[in-house]
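The residues making up each chain are set out below.
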Amino acid sequence: GQTNLKSPQDIQVYVINTNFTLRWSYAGNYSNVTFSAEYRFDDYMTDEREWKELPGCQKVTHTECDFSSGITEYYDKHHVRIRAERMEEVSPWSSIFEMTPFVIAQISPPGVELQSINGVIKIKISPPEANQVQKMWIDDLSFKYNLVIWENSSNAEFRYQHIFPNDIIDDLAPDTTYCLKVQATYPSDSKEGLFSPIYCIKTTRKENVPFCATNVTVLALNMKFHLHWNNRYKQHVSYNVQYLIAYLKTLYEDYSVKWLSVPGCENITDTHCNFSSIVSTSGLLYLRVQAMSEYNTSCLSNEVKVDPLVTNEIGPPGLNVDISDVLLHIEISPPGGSENEAMRDHYDLSYRVLYWKNSPNNEEETKMKEIKQTIGTISDLAPSTLYCVKVQAFSKAYNKSSHFSKEECIKTPGDKILPLIILATFVTALIAVLLVATPLVFALYQAYNKIKHVFFPSCQPPLNIEGFEGQLFNSPYLSTTEEPIENCSIIEAIITEVNQIDLKDYKHSKQSSRDSGNYSNDDDTSGSKVSEETVEKEME
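Residues numbered from 1 in each chain as written. Predicted model: local features only at pLDDT ≥ 70, side-chain atom pairs only at ≥ 80, totals over all residues. Heavy atoms only, no water.

**Comments concerning the packing of aromatic side chains**
To describe a pair of aromatic rings, you give the distance between the ring centres and the angle between the ring planes.
In step 1: Evaluated as defined, the whole model comprises 17 aromatic pairs.
In step 2: Taken together, a centroid distance of 5.1 Å and an interplanar angle of 65° make the contact between Phe143 and Tyr186 edge-to-face. With Phe143 in the loop between strand S10 (120-126) and strand S11 (144-151) and Tyr186 in strand S14 (residues 177-186), the pair connects residues that are 43 residues apart, well separated along the chain. The same class applies to Phe143 as to Tyr186, namely buried.
In step 3: Site record: aromatic cluster; members linked through ring pairs are Tyr75, Phe102, Trp137, Phe143, Tyr145, Tyr186 and Tyr252.
In step 4: The side chain of Lys249 reaches across the aromatic face of Tyr286, ending 4.0 Å from its centre.
In step 5: Above the plane of the ring of Phe404 lies Lys390, whose end atom (NZ or CZ) is 4.9 Å from the centre. (Phe/Tyr/Trp six-rings, centres within 6.5 Å; stacked < 30°, edge-to-face > 60°. Helix = DSSP H or I, 4+ residues; strand = E, 2+ residues; numbered from the N terminus. Buried < 20%, exposed > 50% of the residue type's maximum accessible area, 1.4 Å probe, protein only. Lys NZ or Arg CZ within 6 Å of the ring centre and 35° of its normal.)

**Section: the pattern of salt bridges**
In step 1: Applying the stated rule across the entire model yields 11 salt bridges.
In step 2: Note that Arg23 and Glu64 form a salt bridge whose closest N and O atoms lie 3.4 Å from each other. Of this pair, Arg23 sits in strand S2 (residues 19-25) while Glu64 is found in strand S5 (residues 64-66), placing the two residues 41 residues apart along the sequence.
In step 3: Here Arg23 falls in the partly exposed class, since its relative accessible area comes to 37%.
In step 4: The class of Glu64 is partly exposed, set by a relative accessible area of 42%.
In step 5: Where Glu370 meets Arg352, a salt bridge forms, and the shortest distance between an N and an O atom there is 3.6 Å. Of this pair, Glu370 sits in strand S28 (residues 367-371) while Arg352 is found in strand S27 (residues 350-357), placing the two residues 18 residues apart along the sequence.
In step 6: Sharing partners across several salt bridges, the network here consists of Lys59, Arg83 and Glu85. (Salt bridge = Lys/Arg side-chain N within 4 Å of Asp/Glu carboxyl O.)

**Side note on the state of the cysteines**
In step 1: This model, assessed by the stated rule, comprises 5 disulfides.
In step 2: Here Cys179 is linked by a disulfide to Cys200, with a sulfur-sulfur distance of 1.9 Å. Torsion about the S-S bond of the Cys179 and Cys200 cystine: about 100°, corresponding to right-handed handedness. In this pair, Cys179 sits in strand S14 while Cys200 sits in strand S16 (residues 199-202), placing the two residues 21 residues apart along the sequence.
In step 3: Between the sulfur atoms of Cys265 and its disulfide partner Cys273 the distance amounts to 1.6 Å. Looking down the S-S bond of the Cys265 and Cys273 bridge, the torsion is 80°, so its handedness is right-handed.
In step 4: With relative accessibility at 3%, the residue Cys273 sits in the buried group.
In step 5: Cysteines bonded in the protein chain are numbered consecutively along the chain; their disulfide partners then correspond to 1-2, 3-4, 5-8, 6-7, 9-10. (Disulfide = S-S within 2.5 Å.)

**Examining the confidence of the model for the protein chain**
In step 1: Predicted confidence across the protein chain gives a mean pLDDT of 83, with 81% of residues reaching 70 or more.
In step 2: Low pLDDT (under 50) marks residues 467-540, which in the prediction has 35 contacts with non-local residues, meaning those over four places away or in another chain. (pLDDT = per-residue confidence, 0-100. Contact = heavy atoms within 4.5 Å.)

In structure tokens form, the structure reads like this:
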């Protein structure tokens, strides 16, 4: 059971695409020593975890072996171990190396083909696993490619750019040797591959065609797209504007025959074209201008990339303002109009409202308010003041903002607080006067009624008792001064002849007056009795 063989150390597995290499180190005597490896993987379908011989790594004499043929499950976890062997003698197994092929795999360099023509370099790239049956990277279209290019000189500057599988490298100096290398990346898994070998190629001179369209640019506002270019040629030239869907450039096939003409921009003589009809917010475009001379020769301009939502600029919004008692009302018209769905749905616009007092001696700073809706209000306004407002649209998602709208000014109404205070003061004073005057008037009215009742009674004595024998009947409520009465001894005979009937009539009248309540005073009663007695005596 004892052995002098040592176990291999520093087990490593290197994976490039589907190529697997096992490497290790050995500190013992190499004489007649071979190495054999085993592996197992976690098969959750069969629950099989037995060690198996690793194909390509049995009884090898070097410290590395290729076991690409033995691995077919790239997403399962694998375990690898190795030992040294000498005839019947074996070493203990090494430590176990654990790995998942797809996780540790690297991307191989892509294939590169170059062509120098008319002052540019045409490049064609093949995917890293081209023409392979077994692939680690299933989708070739998911690869992206990085280019590094520089002049072949001692003080060269490196230029980095993204390229498509079939692309053109322009903006190069003529008759100059350039060197480059290409790297494939797999963004969906955040993997970067190995660079290709360095390729060098010399550029040619570009043909000088005077009628070619130059300075091709795109101007876009509120999703209205226009292409502009310059014409240096003085003779007759017609233009045909062409476009290519950007997706076609990601394919490995030649797309040169897939350019299409822009409707309405065919065989035109103007140096501008409206291509809004072909723009979609969901896709990128490439545009170029084909110039045709009067001699039926043509020239293609440089290509221009159009990313609609990035290229487009946001125009200023419309603005209407109105005023109420205490609020300034703002109504905003979205850039491009409310019917422009692309502006409304994709940019998620917000609005920046600036407002200020428009007076020559005002030193107050401009105030700002951000709103999401197209309708808003501003409060805390001073009365009888001219306010000016302007609005800017902006999109945080695209880091874009419009120019400000035209200023709109409106004056706030006068201060209504002072009239209200005056009115409130008047009403309060009126109520106070009424509260004070009402009891006073009531007291005066009661006093008036008393005086009137005393001095000017509403009920007069009956006519038959207003006077007797020419004498007035005095009011029982008033104490009158008795005038001296002269006692006469002569009694007229007529008095004795007063008949008894008259006296009875007088008594009856007096009793009726007392019953009516108008003369209910006890003094009156006693007075009446005295009078009656006197009369009766006289009549006797």
